[in-house]
Amino acid sequence: MNEKIYDVLIIGGGPAGYSAALYCTRAGFDTLVLEKLSAGGQMALTMQIDNYPGFEDGIDGFSLAEKMKKGAERFGAQTRLSEVLSVSLDGPVKTVETAEGIFKGRTVIIAAGAVPRELGVPGEKELLGKGVGYCATCDGMFYRDKTVLVIGGGNTAAADALTLSRICKKVILVHRREELRATKIYHRQLEETENISFCWNSTVSEFLYDKKLTGAKIHNIISGDDSVVEADGAFISIGRKPASELFHGMIEMDPAGYIVADESTRTNIPGVFAVGDIRTKAMRQVVTAVSDGATASHYVEEYLAGMNDAE
Ligand code: NAP
C-alpha cells in the first residue's frame, strides 16, 4: 500500500485526463495519472486530426498525445502505466487499486474514455486483426487496392469510408437503415466518390473466412434476403461504448453506461469528476475532452478548499 495521498488521481491518460492533469498541477495540486497502456487513449489511434485548433496542417493523434503528456509533466504531473482493477470512491480519501498497487487520492477524475462497439456476430472475434478491425485510420493501409466493407452509418463510418476510398479499390458501406446518420457534409462526398457503393437496409449476420476474412453474409432487413459479399477487410464503425464497467453500481450512469455529469464534470459522488468521452455530453471530440479537463480542475479546487475549511 502506497501511503501517500494525492490531491488528484486521474484515471485515464487521454486528452481529457492530461488536460485535467495540466490544469490541476498548475493549480498546485499533487496529481497522478493512471493509464493502462500509453498516453492518448483512442485519440492515439487516429492518424490525422484536423479539428483540434492550433495545428494548421493537422496532427496525428499519437504525437498530440505525447505533447499533452509532456505539457502536463512540465508542471509536475506524474504518470503510472498500470491497469486500474477496482476503485473505492466514497469518503474523503478515495482508493484506486491497480496492478502496481493501491493509490489514494482526495479527489478522483475519471477520464477512462470509450471503446469501439462490437457487432457481436459470428466470426468477428476470430477475425480480429485477420480482416476485421475497428480503426480504419490505423489499419486501412493493409487493404491497399483491395475491397473492404464499412459497417455503420454515423460520422465515424462516413469518415472511415472516405479514408478507405483513397487507399482501397472498392469500399462497400453497409448500413441498417436507408439513410445515413452522418452529418450532411459527408453525404454528397460519399455519393460522389466512385469507388464507394452502398448496401442499405442491411446488416452483417456473419463474417466468412478460411484463414482470413473472405467476405460477409449480408441480411436485407426489408426483403429478408441473405446474400454473400466478398471482401478482404471489414471495418466496424458503429460507435463506441463508455469504458465504465469498473464504476457500475457505485456512480450514477445513463442507460448507455455514460457517467452522468453536467458541464461542471461533477458526478453524484463528492470529490469524483467525469471528463471526456465517458461523461454524458452532446459532442465527444478531442476539443470537448480537453475543455472538460480544464473545467474539472476548477471544481476540484472548489471541493478541496471546502475540505480544508471543514478540517
Ligand atoms: P454514432 O453517431 O452513434 O453512429 C453509429 C452508427 O452505427 C449509426 O448509424 C447506427 O445506426 C449504427 N449502429 C449502431 N449499432 C449498430 C449495430 N449493432 N449494427 C449495425 N449498425 C449499428 O457513432 P459514431 O459515428 O462513431 O460517432 C460518435 C460521435 O463522434 C458522434 O457524436 C459523431 O458526431 C462524432 N464523430 C465526429 C466526426 C466528425 O467528422 N466530426 C467523425 C467521427 C465521429 P442507426 O443510424 O440506425 O442508429
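Residues numbered from 1 in each chain as written. Predicted model: local features only at pLDDT ≥ 70, side-chain atom pairs only at ≥ 80, totals over all residues. Heavy atoms only, no water.

1. Looking at the packing of aromatic side chains
Heads up, the rule is: Planes of paired rings set the category: under 30 degrees apart is stacked, over 60 is edge-to-face and the rest tilted, where pairs are Phe, Tyr or Trp rings (Trp by its six-membered ring) whose centres lie within 6.5 Å. Only protein chains enter the calculation, and the probe is 1.4 Å; a residue is then buried if its accessible area is under 20% of its type maximum, exposed if over 50%, and partly exposed in between. Put simply, a charge is over a ring when the Lys NZ or the Arg CZ is close to the ring centre, within 6 Å, and near the line of the ring normal, within 35 degrees.
Under the defined criterion, the tally for this structure stands at three aromatic pairs. Centre to centre, the rings of phenylalanine 198 and tryptophan 200 are 4.9 Å apart; their planes meet at 0°, and the pair counts as stacked. Phenylalanine 198 gets classed as partly exposed once you look at its relative accessible area, which sits at 24%. Since its relative accessible area comes to 29%, tryptophan 200 is described here as partly exposed. Between the NZ or CZ atom of arginine 26 and the centre of the ring of phenylalanine 75, over which it lies, the distance is 4.8 Å.

2. As for helix 4 (residues 155–165)
Filter applied, for reference: Strands are runs of DSSP state E lasting at least 2 residues, helices are runs of H or I lasting at least 4, and numbering of each runs from the N terminus.
Most of helix 4 sits inside the fold, with eight of its eleven residues counted as buried. The complete set of buried residues in helix 4 reads Ala157, Ala158, Asp160, Ala161, Leu162, Thr163, Leu164 and Ser165.

3. Details of the site of the ligand
Note the cut-off: Consider each residue's heavy atoms; a residue with any of them within 4 Å of a molecule or strand counts as near. Any pair of N or O atoms that falls within 3.5 Å is considered a polar contact. Within protein, one atom must be able to donate a hydrogen and the other to accept it, and sequence-neighbouring residues count only if both atoms are side-chain atoms. Classification convention: Asp, Glu, Lys, Arg as charged; Ala, Val, Leu, Ile, Met, Phe, Trp, Tyr, Cys, Pro as nonpolar; all other residues, Gly among them, as polar.
Near the ligand you find 14 residues, and of these Asn155, Thr156, Arg177, Arg181 and Tyr186 are the closest. Contacts to the ligand include arginine 177, whose side-chain N or O atom sits 2.8 Å from an oxygen atom. One of the side-chain nitrogen or oxygen atoms of tyrosine 186 is found 2.5 Å away from an oxygen atom of the ligand. Taken together, the residues that form the shell around the ligand break down as three nonpolar, eight polar and three charged.

4. Focus on the nonpolar core
What counts here: Nonpolar core, defined: a set of buried Ala, Val, Leu, Ile, Met, Phe, Trp, Tyr and Cys residues in which side-chain atoms within 4.5 Å join the residues together. Here, two residues are considered to be in contact whenever any of their heavy atoms come within 4.5 Å of each other.
Counting residues in hydrophobic clusters, the biggest one holds 31 residues, and the most contacted among them are Ile10, Leu64, Met68, Ile109 and Val286. For this core, the secondary-structure elements that each account for two or more residues are strand 1 (5–11), helix 1 (15–26), helix 2 (61–73) and helix 6 (286–310). With residues near it in sequence (within four places) discarded, valine 286 still touches Pro15, Met43, Ile49, Tyr52, Leu64 and Met68. Counting residues in each nonpolar core, the second largest holds 21 residues, with Val84, Ile110, Phe247 and Val272 among its members.

So, to be careful, I would describe these as geometric facts and stop short of saying anything about function.
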